[in-house]
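Descriptive analysis of the structure
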Amino acid sequence: MDDSIKYLLDESRIPRHWYNLQADLPKALPPVLHPGTHKPVGPDDLAPLFPMELILQEVSTEREIEIPGPVRDVYRQWRPTPLYRARRLEKVLQTPARIYYKYEGVSPAGSHKPNTAVAQAYYNKAAGVKRLSTETGAGQWGSSLAFAGALFGLEVQVFMVRVSYDQKPYRRALMETYGARCTPSPSNETQSGRAILAQRADHPGSLGIAISEAVEIAAQRDDTKYALGSVLNHVLLHQTVIGQEAMAQMEMADDYPDVIVGCTGGGSNFAGIAFPYLGAQLRGGRKVDIVAVEPAACPSLTRGRYAYDFGDTGHLTPLTKMHTLGSTFTPPGFHAGGLRYHGMAPLVSHLKELHLIRARAYKQSAVFEAGVQFARAEGIVPAPEANHAVKGAIDEAIRCREEGRPRAILFNLCGHGHFDMQAYIDYFGGKLADLDYDEAELAMALAGLPSVRDAA
Ligand SMILES: Cc1ncc(COP(=O)(O)O)c(C=O)c1O
């Protein structure tokens, strides 16, 4: 049996609930703090930015949160997504490991991001919101929200990190095709953007800066709310459709993962695949080795500090406790634009502190080498972000070979790389440098962390 094997579920198996890990945590998350008072925020503090349903999901400890019918109806267009066994890759690697991957690249925007974009657009529309503002790194999130906005009749404005805007013109075209407005960030449209441009006119931008711009726009107008594509609890929650489906598909394969691997930018696709399994473990089920993979050039989980910090560079957001490189840190312009964020989801950070997950960091040339090896065996060209998970899974499979242990490895192939071919061209042309972050800048960014007497 040489071919990849595909495990498909029928539509009736689209999950009816999102799974909320907060119900099963052995220790509750540290509270979110008001940036001025450093006191825990309440739902009303967040109301200028998000509709109340999403705020309630953010703080909920209910294990299951029902997926509204109209959201499931949209999910039906591409969900359940396929799960494959990568037999050809196993053969290339000569590993006794069984490698499985869940493929989220079949969504209209090409990644896992519509799982939450559709839900967020639905709740905003239901609350009477007219316009959404957001940031995007690689453009996957921006195009997902643009798609969801088109479905629910919402205007969408996307601030796209300048370096990605220049690297990926087709992602911008996709957003515009869905009807969104895409502005390179830092921009002259906001105070936060103008302040950055005044310091450095050719600033490459960062997710932290683009978030400040989007938040500023949302805070100014009653008919506009802000949407975030990662990091927040409700975003991670919406992604749990991935892991729930994977559990049913692994059951079809008559297997259970020993290792789960996901890439982490803000933590949402990783949470999507891992949290349902972790929840089962915390409720007394089988223990799973869960690995988060991040870029060595933006290593929040492996090199960041676990501390209260702002989610954005302009300091407009509340303070959350997370692994952070400091909100003023600008990562170098490597190709996995979706992983260039200074912080990590509070939930994922909390799990790392509780030793329920582990983290690894890789340089981009090794990550692309893995992605090309995967593409040549399995035929799918992964997004640069997803290549981190591919690299993590391949390394686990090689370890199985070296130790003679036939383990089952499941990873999330969170998106395709069809709009990222310039990165592959650069890789083949030997132009993909292993960019290092600036140690002095990191030290400065960490020195600037807000001083908060720990409420945890
Ligand atoms: C394809 C892809 N994977 C991963 C990420 C990182 O986000 P997260 O860690 O929330 O999944 C992004 C972000 O833009 C992305 O576009």
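Below is a short write-up of the structure. (Residues numbered from 1 in each chain as written. Predicted model: local features only at pLDDT ≥ 70, side-chain atom pairs only at ≥ 80, totals over all residues. Heavy atoms only, no water.)

Digging into the side chain of asparagine 115
By secondary structure assignment, the location of asparagine 115 is in helix α5 (residues 114-126). Setting aside residues up to four positions removed in sequence, asparagine 115 forms contacts with Tyr75, Trp78, Arg79, Glu104, His238, Gln239, Val241 and Ile242. (Helix = DSSP H or I, 4+ residues; strand = E, 2+ residues; numbered from the N terminus. Contact = heavy atoms within 4.5 Å.)

Some details on the sheet that holds strand β11 (residues 289-295)
In space, the seven strands of this open sheet follow the order β1-β4-β5-β15-β10-β11-β14, with mixed pairing throughout. This sheet does not close on itself; its edge strands, each paired only once, are β1 (5-7) and β14 (358-362). Shown here is a sheet whose adjacent strand axes are inclined to one another by a mean of 25 degrees, direction ignored. Pairing of strand β4 (residues 83-85) with strand β5 (residues 98-103), which is carried by three bridges, proceeds in the antiparallel orientation. Considered in β5, the bridge of leucine 83 is made with lysine 102. (Pairing = 2+ DSSP bridges. Axes fitted to C-alpha atoms, helices over the stretch in contact; angles between N-to-C directions.)

A short note on the pattern of salt bridges
Taken as a whole and assessed by the stated rule, the structure comprises 24 salt bridges. With a shortest N-O distance of 2.8 Å, glutamate 245 and arginine 79 are connected by a salt bridge. Remark: arginine 79 occurs in the loop between α3 (69-75) and β4 and glutamate 245 occurs in helix α12 (residues 240-252); sequence separation between them is 166 residues. For arginine 79, a relative accessible area of 2% gives the class buried. Note that arginine 286 is salt-bridged to aspartate 258, the shortest N-O span being 3.2 Å. One end of the pair, arginine 286, is in the loop between α13 (268-282) and β11; the other, aspartate 258, is in the loop between α12 and β10 (259-263), with 28 residues separating them in the sequence. Linked through salt bridges whose partners overlap, the residues forming this network are Asp289, Arg358, Glu396, Arg399, Glu403, Arg405 and Arg407. (Salt bridge = Lys/Arg side-chain N within 4 Å of Asp/Glu carboxyl O. Buried < 20%, exposed > 50% of the residue type's maximum accessible area, 1.4 Å probe, protein only.)

What to know about the nonpolar core
If you look at the biggest cluster of nonpolar residues, it comprises 66 residues, and the most contacted ones within it are Trp18, Phe275 and Val348. Of all the elements, α13 adds the most residues to this core, at seven residues. When near neighbours in sequence (up to four residues on either side) are disregarded, phenylalanine 275 contacts Tyr19, Leu21, Leu236, Thr240, Phe270, Leu347, Val348 and Leu351. Counting residues in hydrophobic clusters, the runner-up holds 49 residues, among them Cys298, Ala307, Tyr437 and Ala445. (Core = buried A, V, L, I, M, F, W, Y, C linked by side-chain atoms within 4.5 Å.)

A closer look at the sheet that holds strand β9 (residues 224-226)
Ordered in space as β8-β7-β6-β9, the four strands form an open sheet in which the pairing is parallel. Taken across any chain shown, the strands that pair with only one partner, and hence form the sheet edges, are β8 (181-185) and β9. Strand-to-strand twist in this sheet, taken as the mean axis angle between neighbours without regard to direction, amounts to 25 degrees. Together, β6 (131-136), β7 (155-161), β8 and β9 form the strand contacts of helix α10 (residues 207-220), whose direction differs from that of β6 by roughly 170 degrees.

Things to note about the environment of alanine 23
Structurally, the position occupied by alanine 23 is in the loop between β2 (17-19) and α1 (43-46). Sequence separation between alanine 23 and lysine 352 is 329 residues; the distance between their C-alpha atoms is 17 Å. In this structure, alanine 23 is in contact with Thr61, Glu62 and Arg63, ignoring residues within four places of it in sequence.

What to know about the side chain of threonine 240
The residue threonine 240 is located in helix α12 in this model. Threonine 240 has contacts with Trp18, Tyr19, Gly272, Phe275 and Pro276, leaving out every residue within four places of it along the chain.

As for the environment of tyrosine 19
Positionally, tyrosine 19 belongs in strand β2. Taking the relative accessible area as the measure of exposure, tyrosine 19 reaches 8% and is therefore buried. Note: C-alpha distance between tyrosine 19 and tyrosine 277 (258 residues apart in sequence) is 10 Å. Among the polar contacts listed, one links the side chain of tyrosine 19 to the side chain of aspartate 24, at a separation of 2.5 Å. (Polar contact = N/O pair within 3.5 Å; in protein donor to acceptor, adjacent residues only side chain to side chain.)

Considerations on the site of the ligand
Around the ligand sit 16 residues in total, of which Ser230, Gly265, Gly267, Ser268 and Asn269 are the nearest. At 3.0 Å, a side-chain N or O of histidine 112 approaches an oxygen atom of the ligand. Taking serine 230, its side chain carries an N or O atom lying 2.5 Å from an oxygen atom of the ligand. Contact with the protein chains hides 97% of the accessible area of the ligand, taken as 380 Å² for the molecule alone. Residue composition of the shell around the ligand, grouped by class: four nonpolar, ten polar and two charged. (Near = heavy atom within 4 Å. Areas by Shrake-Rupley, 256 points an atom, 1.4 Å probe, with all protein chains shown as cover. Nonpolar A, V, L, I, M, F, W, Y, C, P; charged D, E, K, R; others polar.)

Take it as geometry only, folks, not as evidence of what the structure does.
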